[in-house]
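For reference, the chains in residue letters:
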Amino acid sequence: MPPNPWFSWSYVQNNWGEISQALVEHTTITLEAVLIALVIALPLAALAHRVRWLAVPVLGMTGVMYTIPSLALFSILVPFTGIGRTPVLIGLVMYALLILVRNILVGLQGVDPDVRDAARGLGYGSTRLLASVEMPNALPSIMTGVRLATVSTVALVTVGFVAGYGGLGTLMFRGFRSSYNAQIMTATLLCLLLAVVLDLLLLLLGRALTPWSRTRGASSRTGSRPAAGAASATTGSESREPLEPRDRTAVRDA
């Protein structure tokens, strides 16, 4: 029986053209799906934030779409859209919507009411308040949602092989059919590496877009230490003060 190793550098060298093409397909459809889902999720979450009774149906609708099994969804879409990139892209956008809408809505609802009141006192209308105050303050939560949606989309793209566009998932499927371990492992490791790299890039982007959050966190930590020290010093000084005679009497009576 010929050897069938899980790691084979010769496989990577001999099939690099096919591997790199699958990696590019996987990366581009992931970024495209998350970007389209973000464009849809932002106004949807903003509407649910403004019209409070819409929050439950919006989250419920996106939640129902998220529970549809990916294999079934891609198979259902193929008769209407044909085999290829389109059904996979539609399915990925639907799955990313729940994560993005939920995180954007949580971020908008978590804005400090005092900040809103101050903006209204300065004459901000609802639209300007949303764009200039609430959305910037919700950016940390939004970026967390984008990171989660991106990583989950990287994993879901692999199932797209059923619709003829699975990126690295196509290599995995071929490896399973032929029992070629090196092909399965190479595609798996590249998927993992792609998810890690995209997550780190989005983490750096989030930090660059929200420099005030790091400054505020550092100042709050710096400010809390003297307060704690002052409190302990005060407590210590109070504990060293002698009891007055009437205090001793009160203690004995107690």
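This is a predicted model, so every value here is computed, not measured.

Draft legend 1. Structural view of the side chain of Thr62. For Thr62, the position within the fold is in helix H3 (residues 55-67). At 3.0 Å, the side chain of Thr62 forms a polar contact with the backbone oxygen of Leu59. Leaving out residues up to four positions away in the same chain, Thr62 has contacts with Leu97, Leu98 and Val101.

Draft legend 2. Representation of the packing of helix H2 (residues 16-50) against helix H5 (residues 85-109). At a minimum axis separation of 6 Å, H2 and H5 run at an interaxial angle of 40°. By the angle class used here, H2 and H5 are oblique. Crossing geometry of H2 relative to H5 is assigned as right-handed. Classifying every residue of the contact of H2 with H5 gives 24 nonpolar, 3 polar and 2 charged.

Draft legend 3. The arrangement of the packing of H2 against helix H10 (residues 181-209) in detail. Axis separation between H2 and H10 bottoms out at 11 Å; the angle between their running directions is 40°. What the angle tells us is that H2 and H10 run oblique. Read as a crossing pair, H2 and H10 show a hand that is right-handed. Of the residues in H10, those in contact with Ile19, Leu23, His26, Thr27, Thr30 and Leu31 of H2 are Thr186, Leu190, Cys191, Leu194 and Leu198. The residue inventory of the contact of H2 with H10, partitioned by class, reads 7 nonpolar, 4 polar and no charged.

Draft legend 4. Inspection of the environment of Leu129 at higher detail. Mapping Leu129 onto the fold places it in helix H7 (residues 126-137). Between the C-alpha atoms of Leu129 and Arg116, which are 13 residues apart in sequence, the distance is 7.5 Å.

Draft legend 5. Inspection of H3 at higher detail. Taking 1.5 Å of rise per residue, 13 residues should cover 18 Å, and H3 covers 18 Å from first to last C-alpha, within 8% of that figure. Of all the residues in H3, the buried ones are Ala55, Val58, Thr62, Gly63 and Met65. The buried residues of H3 occupy an angular sector of 160° when the element is viewed end-on, so they sit on one face. Summarising the geometry of H3, the exposed residues directed more than 90 degrees from the buried face are Val56, Val64 and Thr67.

Cut-off values and rules
Each chain carries its own residue numbering, running from 1 in the direction its sequence is written. Given that the model is predicted, a residue must reach a pLDDT of at least 70 before its local features are reported, and side-chain atom pairs must reach 80 or more before they are shown or counted; all residues, however, enter totals for whole chains, interfaces and linings. Here the side-chain values reflect all heavy atoms present in the structure, with hydrogen atoms and water set aside. Labels follow the DSSP assignment, with helices taken as runs of H or I lasting at least four residues and strands as runs of E lasting at least two, numbered in each case from the N terminus. What qualifies as a polar contact is a pair of N or O atoms within 3.5 Å, subject to a donor-acceptor requirement within protein and to the restriction that residues adjacent in sequence count only when both atoms come from side chains. The contact rule is simple, with two residues in contact once any of their heavy atoms fall within 4.5 Å. Every axis in this analysis is a line fitted to C-alpha atoms, fitted for helices over the stretch in contact. Angles between the N-to-C directions lie between 0 and 180 degrees. What sets the label is the angle itself: under 35 degrees gives roughly parallel, over 145 gives roughly antiparallel, 65 to 115 gives roughly perpendicular, and the rest give oblique. Take the far helix as your reference; a near helix turned counterclockwise from it by less than a right angle gives a left-handed crossing, and one turned clockwise gives a right-handed crossing. For this scheme, ten residues count as nonpolar: Ala, Val, Leu, Ile, Met, Phe, Trp, Tyr, Cys and Pro. Four count as charged, namely Asp, Glu, Lys and Arg, and the remainder, Gly too, count as polar. Between the first and last residue of a helix there are one fewer steps than residues, each counted as 1.5 Å, and that sum is the expected span. Categorising residues by exposure relies on relative accessible area from a 1.4 Å probe, with only protein chains included: less than 20% of the type maximum marks a residue as buried, more than 50% marks it as exposed, and the intermediate range marks it as partly exposed. As used here, the arc belongs to the directions running from the helix axis to the C-beta atoms.

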